[in-house]
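Take a look at the letters that make up each chain.
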Amino acid sequence: MSVTSEIQAPLVEAAKLAGAQAVQADAERRVSPEVIRAVVDAGFARWLVPTRWGGAERSYTELTAAVAKLGEECSSTAWLACLAAHAARYVACLPEQGQADIWGDGPDALVAAVIKPLGTAVDAEGGFRLTGSWTYVSGVEHADWALLTGPAPGPKSGGQPMRLFAVPRQDYTFEDTWSSLGMRGTGSHTLVLDDVFVPEHRVCLRADAFRGATVGLPGRPPLPNPAVSGLTFVAPVLGAARGALAAATQFVAVAPTGPRAAAGPSYQVDYARAAGEIDAAQLLLERASAVVDGGALSPELARRNRRDFALALQMLVDATDRLLRIGGTRAQEDGHPLQRYWRDVHSVTGHAVMQFEPAGIDYTQGLVGPA
């Protein structure tokens, strides 16, 4: 995967700055505003924004490559950059006036999107009143807008369908609740709303957004969410695994001594296997990205993409586990980049939508039907 020369220079600068502050971001549990500005300057917020709003409408293939490049330096920065880019897919499903509210002043608005339905929504004249708390909102501290899913399913929903609600920064607060094993710099805190009015033009059905029903973009084929969304999870992990591979090189580049001497050859084999697994995961993501860039997706290709996202993540986790073992006790010390990459990779595996079993079942049943 590669990016064009137009993107390359600002991307390199953003990656360099993110790498210089990676330890700080991990310790302080936040990526600095300076790094966020570099991410915006590199074009991530406008990456998938329609050209009619001044956006770039660049490819998913280049986006995956650019996110992975950032991830080699700082996984948290890559995560935030990737989410900032992909949020445009959902904003484009809002009514045109809602899109204008967000992008009317320019395509670089940072949008934090939450797909899990939470909170309560009450009908009001001209829109809805939204109340509740939304957990794990990555980048909420830096966002200009939040795109929230509600209401929470259950008796309090009043039978309402799940919707996406666009809320400007001045209408919400957040609670500092993010204290995680990995991806610490993402600042994925809890967003809080208290009886906030959301006009109808900033609302769309979640089902429409999930099937890629964009508004005001005639001729654009819909991209179903499962065929695309895995890129948001795995592209940063690809970069983190590459970073772990680079950090582990020091342990196999010299002949081991002491108790590790006898294990030297096995460490080299583990290193080679990890490098191969990372390359193989990259190839899966390149193919999946190319499928998305190709336009209309068949159900078969959508299911294959979902399978490949989960499989690539599993391979990257296995590779990073091998690399941490190669580093031994030294790699587990505070401040060593290998253990930071390892924590970040494992943090992503906790997401329910990235488990291989349901993706594998969906893929197989699509071919042969339920057992």
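Before reading on, note that the structure itself is shown above.
As the structure is a computational prediction, the values presented were derived from the model and not from experiment.

With that settled, the discussion passes to the packing of helix α9 (residues 230-252) against helix α11 (residues 299-331). The interhelical angle for the contact between α9 and α11, taken along N-to-C directions, is 25°, at an axis separation of 9 Å. Regarding the angle of α9 to α11, the classification is roughly parallel. Along this stretch, α9 crosses α11, giving a crossing that reads as left-handed. Here Gly230, Leu231, Val234, Val237, Leu238, Ala241, Ala244, Leu245, Ala248, Phe251 and Val252 of α9 come into contact with α11, specifically with Phe309, Ala312, Leu313, Leu316, Thr320, Leu323, Ile326, Gly327, Arg330 and Ala331. Of the residues contributing to the contact of α9 with α11, the split by class is 17 nonpolar, three polar and one charged.

Here the focus is the pairing of strand β5 (residues 163-168). Where burial is concerned, most of β5 is hidden: six out of the six residues are buried. A two-sided burial pattern is seen for β5, the buried positions comprising Arg163, Phe165 and Val167 on one face and Leu164, Ala166 and Pro168 on the other. Relative to strand β8 (residues 203-205), β5 is paired through three bridges, and the arrangement is antiparallel. Counted as the bridge partner of Phe165 is Val203 from β8.

Moving on to unusual backbone geometry. In the segment running from Gly150 into Pro151, the intervening peptide bond is cis, with an omega of -5°. By the element assignment, Pro151 lies in the loop between β4 (145-150) and β5. Despite not being glycine, Tyr136 shows a phi value in the positive range, around 55°. With respect to the helices and strands, the residue Tyr136 is situated in strand β3 (residues 127-137). With a phi close to 55°, Asp195 is a non-glycine residue in the positive phi region. With respect to the secondary-structure elements, Asp195 resides in strand β7 (residues 189-199).

On to the sheet that holds β4, then. The sheet built from four strands is open, its strands ordered β1-β4-β5-β8 with mixed pairing. Every interior strand has two partners, whereas the edge strands, β1 (111-113) and β8, have only one. Averaged over all pairs of adjacent strands, the angle between strand axes in this sheet comes to 20°, irrespective of strand direction. In the sheet, β1 pairs with β4 via three bridges, with the strands oriented parallel. Bridge pairing links Val111 to Trp145 in β4.

So, how was this worked out
Residues numbered from 1 in each chain as written. Predicted model: local features only at pLDDT ≥ 70, side-chain atom pairs only at ≥ 80, totals over all residues. Heavy atoms only, no water. Axes fitted to C-alpha atoms, helices over the stretch in contact; angles between N-to-C directions. Helix = DSSP H or I, 4+ residues; strand = E, 2+ residues; numbered from the N terminus. Parallel < 35°, antiparallel > 145°, perpendicular 65-115°, else oblique. Left-handed = near helix turned anticlockwise from the far one by under 90°. Contact = heavy atoms within 4.5 Å. Nonpolar A, V, L, I, M, F, W, Y, C, P; charged D, E, K, R; others polar. Buried < 20%, exposed > 50% of the residue type's maximum accessible area, 1.4 Å probe, protein only. Pairing = 2+ DSSP bridges.

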